[in-house]
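Take a look at the letters that make up each chain.
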Amino acid sequence: MYSIEQLAVERGGRTIVSGIDLSIEPGWALQIHGANGSGKTTLLSALAGLLPLARGRVCWRGDDVRRAPRQFRSELAYVGHANGVSDDLTVLENIRFAALLGTADAPGGNDGSNDPASHEDKVLEQTGLHALRHTRLSRLSQGQRRRVALARLMLGRKPLWLLDEPGDALDASATDWFTACVDTHLRAGGIVALTTHRPLESGAARTRHLYLERSGACLK
Ligand SMILES: Nc1ncnc2c1ncn2[C@@H]1O[C@H](COP(=O)(O)OP(=O)(O)OP(=O)(O)O)[C@@H](O)[C@H]1O
């Protein structure tokens, strides 16, 4: 369903990753590992269509994403290092703004609920953000900001999640919450590709690991 064929990405005139060839079926996760500077963020950005490909192609539902970018973007949720949140908005405003932009779908979310307000409340409770819902993000910690970015995933129904080091800045309880969310997403037939320095211990066993190494990319 999501396939990457002979992909190569260059930056600053230098090949950063090359020869990436894999496909990810619904219900599967891909964890991308590698040392600092090995190209994890570069690869994920290219997979999200944020960087041009030097070679190869990325296909979603059988179509090259460059030919059907709208369809691809409408089904993609991307969370990068910068979280994509606004410091000037409150937690609730950030979440609702994401829904307006289509980062999260309204109403309801991936728990099947059709009541946007109650679903928002539930996700904010689970993320420990409920008491902070009227606080501007400029007043939150890095981990709290990360929770906001990830909470938006739970409020959407996007089948494809591309996440750059989602566990960054999360404490143990937020990590458990996020891991459970990934499991739920996979069990519902979603796909997750994420970069990480710490393997995500997902209960859903269907995980492949891509290691970016000096000698090339290695899939296990
Ligand atoms: N804008 C850019 N222009 C040119 N080269 C870049 C640019 N951004 C990153 N690079 C180079 O691309 C390579 C891969 O960087 P990337 O950020 O993808 O690595 P990473 O594996 O995600 O690293 P980290 O684990 O530190 O987050 C690095 O050598 C970096 O210097």
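Just so we're clear, the structure is a prediction, and the values are computed from it rather than from any experiment.

Caption draft 1: Quick look at the overall build of the protein. Secondary structure summary: the protein contains 6 helices and 10 strands in total. Since a compact globule built from 220 residues should have a radius of gyration of about 17 Å, the 17 Å found for the protein is in line with a globular shape. The C-alpha extent of the protein, read off along each of the three principal axes, is 50 × 35 × 30 Å. Residues classed as buried in the protein amount to 49% of the 220 residues present.

Caption draft 2: Representation of the nonpolar core within the structure. Grouped together as the largest cluster of nonpolar side chains are 31 residues, with contacts concentrated most on Val91, Leu153, Met154, Trp161, Leu163, Phe178 and Val192. In this structure, this core is formed jointly by two domains, domain 1 (1-75 + 161-220) and domain 2 (84-158), each of which donates at least three residues. Judged by nonpolar contacts, the second largest core, of 28 residues, contains Leu7, Val65, Phe72 and Leu76.

Caption draft 3: Region of the structure containing the domain arrangement of the protein. Here the protein is partitioned into domain 1 (1-75 + 161-220) and domain 2 (84-158). Each partner contributes to the interface: domain 1 provides 17 residues, whereas domain 2 provides 12 residues. In this assembly, domain 1 packs against domain 2 so that about 1,200 Å² is buried in total across both faces, 65% of it on carbon and sulfur atoms. By the criterion of area lost to domain 2, the three top residues of domain 1 are Trp161, Ala169 and Trp177, representing 45% of everything that side buries.

Caption draft 4: Representation of the sheet that holds strand β1 (residues 2-11) in the model. Strands sit in the order β2-β1-β4-β5 across an open sheet of 4 strands; the sheet is antiparallel. Each of the sheet's edge strands pairs with one partner strand only, and the pair in question is β2 (14-24) and β5 (63-64). With 7 bridges connecting them, β1 and β2 associate as antiparallel partners. Each bridged residue has a counterpart across the sheet, and for Ser3 the counterpart in β2 is Ser23. Along the sheet, helix α1 (residues 40-47) contacts β1, β2 and β4 (55-60); its crossing angle with β1, the most-contacted strand, is approximately 125 degrees.

Caption draft 5: Structural context of α1. The buried fraction of α1 is high, at 7 of 8 residues. Here α1 has its buried residues at Lys40, Thr42, Leu43, Leu44, Ser45, Ala46 and Leu47. In the stretch just after α1, Gly49 is the one whose phi turns positive, near 85 degrees.

Rules of the game
- Residues numbered from 1 in each chain as written.
- Predicted model: local features only at pLDDT ≥ 70, side-chain atom pairs only at ≥ 80, totals over all residues.
- Heavy atoms only, no water.
- Helix = DSSP H or I, 4+ residues; strand = E, 2+ residues; numbered from the N terminus.
- Rg over C-alpha atoms; globule rule 2.2 N^0.38 Å.
- Buried < 20%, exposed > 50% of the residue type's maximum accessible area, 1.4 Å probe, protein only.
- Core = buried A, V, L, I, M, F, W, Y, C linked by side-chain atoms within 4.5 Å.
- Domains from an automatic or database assignment.
- Contact = heavy atoms within 4.5 Å.
- Buried area = accessible area lost by both parts, 1.4 Å probe.
- Pairing = 2+ DSSP bridges.
- Axes fitted to C-alpha atoms, helices over the stretch in contact; angles between N-to-C directions.

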